[in-house]
Amino acid sequence: MTSGTPASSPWGAFSQDPRRPESASLRASDRDRDVVLGVLAEGYADGRITKEEYDERSGSTAAARTLGELPALILDLVPLAPTRPRSDLALASTGELHARAVQKWEADRRDALGAVLVPSLICWTVWYFASFRHNADPGFPWPVIVTLVTALRLLQVLANKRDIVAREQARLERKQRKALEAGPGEG
């Protein structure tokens, strides 16, 4: 097809979607006409329309003034509603879903580790410079409290790996079921 868009889904190649009522009265551009001509050329090349039909529709395409005139020329060659491929989630195997769930746990673990390291390093640095800069007695190392409190989340993530992975896999399976029930055109 001349527009570079597959004839099975030309609707996105138009300047405005010609199927929409609010776009139908807009003037058609040369690019819009080229989309239709590309679909017609592909239909003729595939043997879906005759030379006479191609000539007639090409003439009508050239004479079309508004976007609303264009869909009727190709409706029997392409689906009216766009078809979207199923999401990669809908096509994922159980093993892939489990791998994604493990990746989620790994991301949670990284986040929890960062939540320990960043505040702890800041607090320990402040404590060090505040305590030892003036040759004073360092006193109680209060950053240990911050480190212990923030480490609780990391310990929770590490201890509950199996539960976190199972919950995420169940969530992905529910999402997959919904995508499969929606079908390939709605997915």
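Residues numbered from 1 in each chain as written. Predicted model: local features only at pLDDT ≥ 70, side-chain atom pairs only at ≥ 80, totals over all residues. Heavy atoms only, no water.

Visitor: Hey, could you run me through the nonpolar core in this one?
Guide: Side chains of nonpolar character tend, in soluble globular proteins, to be buried together. Counting residues in each nonpolar core, the largest one holds 16 residues, and the members touching the most others are Phe14, Val36, Leu40, Leu70 and Ile74. Mapped onto this core, the elements with two or more residues apiece are helix H2 (30-45) and helix H4 (71-74). Of all the elements, H2 adds the most residues to this core, at four residues. (Core = buried A, V, L, I, M, F, W, Y, C linked by side-chain atoms within 4.5 Å. Buried < 20%, exposed > 50% of the residue type's maximum accessible area, 1.4 Å probe, protein only. Helix = DSSP H or I, 4+ residues; strand = E, 2+ residues; numbered from the N terminus.)

Visitor: Looking at this structure, how should I read the environment of Leu40?
Guide: Its place among the elements puts Leu40 in helix H2. Among the residues examined, Leu40 registers a relative accessible area of 0% and is labelled buried. The spacing of Leu40 and Asp55 is 15 residues in sequence and 9.3 Å in space, taken between C-alpha atoms. Apart from residues no more than four positions distant in its own chain, Leu40 is found in contact with Ile49, Tyr54, Arg57, Ser58, Thr61, Leu73, Ile74 and Leu77. (Contact = heavy atoms within 4.5 Å.)

Visitor: Just to check I follow, could you spell out the packing of H2 against helix H3 (residues 51-63) for this structure?
Guide: Angle between the axes and distance between the axes: these two values describe a pair of packed helices. Following both chains from N to C, one finds H2 and H3 inclined at 180°, their axes separated by 10 Å at the closest point. One finds that H2 runs roughly antiparallel with respect to H3. Of H3, the residues touching H2 (which contributes Arg33, Val36, Leu37, Leu40, Ala41 and Tyr44) are Lys51, Tyr54, Arg57, Ser58, Thr61 and Ala62. Partitioning the contact of H2 with H3 into residue classes produces seven nonpolar, two polar and three charged. (Axes fitted to C-alpha atoms, helices over the stretch in contact; angles between N-to-C directions. Parallel < 35°, antiparallel > 145°, perpendicular 65-115°, else oblique. Nonpolar A, V, L, I, M, F, W, Y, C, P; charged D, E, K, R; others polar.)

Visitor: I keep staring at the environment of Asp55 and nothing clicks. Help me out?
Guide: You can see Asp55 is positioned in helix H3. Separated by eleven residues in the primary sequence, Asp55 and Tyr44 have C-alpha atoms spaced 9.8 Å apart.

Visitor: Looking at this structure, I do not really get the pattern of salt bridges. What am I missing?
Guide: Any two side chains of opposite charge can pair, on the condition that their charged atoms come close. Tallied over the full model, the rule gives eight salt bridges. For the salt bridge of Asp17 with Arg19, the shortest nitrogen-to-oxygen distance reads 2.6 Å. The closest approach of N and O atoms between Asp108 and Lys104, which form a salt bridge, is 3.0 Å. Of this pair, Asp108 and Lys104 both sit in helix H5 (residues 94-132), separated by four residues, roughly a single helical turn. (Salt bridge = Lys/Arg side-chain N within 4 Å of Asp/Glu carboxyl O.)

Visitor: Please explain the packing of H5 against helix H6 (residues 143-159) as it appears in this structure.
Guide: Closest axis-to-axis distance for the H5/H6 pair is 9 Å, and the angle between their directions is 175°. Judged by the inter-axis angle, H5 sits roughly antiparallel to H6. Where H5 approaches H6, its residues Trp105, Asp108, Arg109, Ala112, Leu113, Ala115, Val116, Pro119, Ser120, Cys123, Trp124 and Trp127 are matched on the opposing element by Pro143, Val144, Val146, Thr147, Thr150, Ala151, Arg153, Leu154, Val157 and Leu158.

Visitor: Just checking my understanding: could you explain the packing of aromatic side chains for this structure?
Guide: Any two aromatic rings considered together are summarised by their centre-to-centre distance and by the angle between their planes. Counted under the stated rule, the structure contains three aromatic pairs. Judged by centre distance (5.4 Å) and plane angle (85°), the rings of Trp124 and Trp127 are edge-to-face. Highlighted residues: Trp124 and Trp127, both in helix H5, separated by three residues, approximately one helical turn. Exposure remark for Trp124: the relative accessible area of 31% places this residue in the partly exposed category. The lysine or arginine in question, Lys161, covers the ring of Trp105, its NZ or CZ lying 4.7 Å from the ring centre. (Phe/Tyr/Trp six-rings, centres within 6.5 Å; stacked < 30°, edge-to-face > 60°. Lys NZ or Arg CZ within 6 Å of the ring centre and 35° of its normal.)

Visitor: What is the right way to look at H6 in this model?
Guide: Given 3.6 residues per helical turn, the α-helix brings residues three or four places apart onto the same face. Here H6 contains 17 residues, and its C-alpha end-to-end distance of 24 Å stays within 8% of the 24 Å for a straight helix at 1.5 Å per residue. Considering bend angle alone, the principal kink of H6 is centred on Leu152 and spans about 30°. Within the sequence span of H6, burial applies to Pro143, Thr150, Ala151, Leu154 and Val157. (Expected span 1.5 Å × (residues − 1). Bend = angle between axes of the 7 residues up to and from the residue.)

Function cannot be inferred from these measures alone, as they are strictly geometric.
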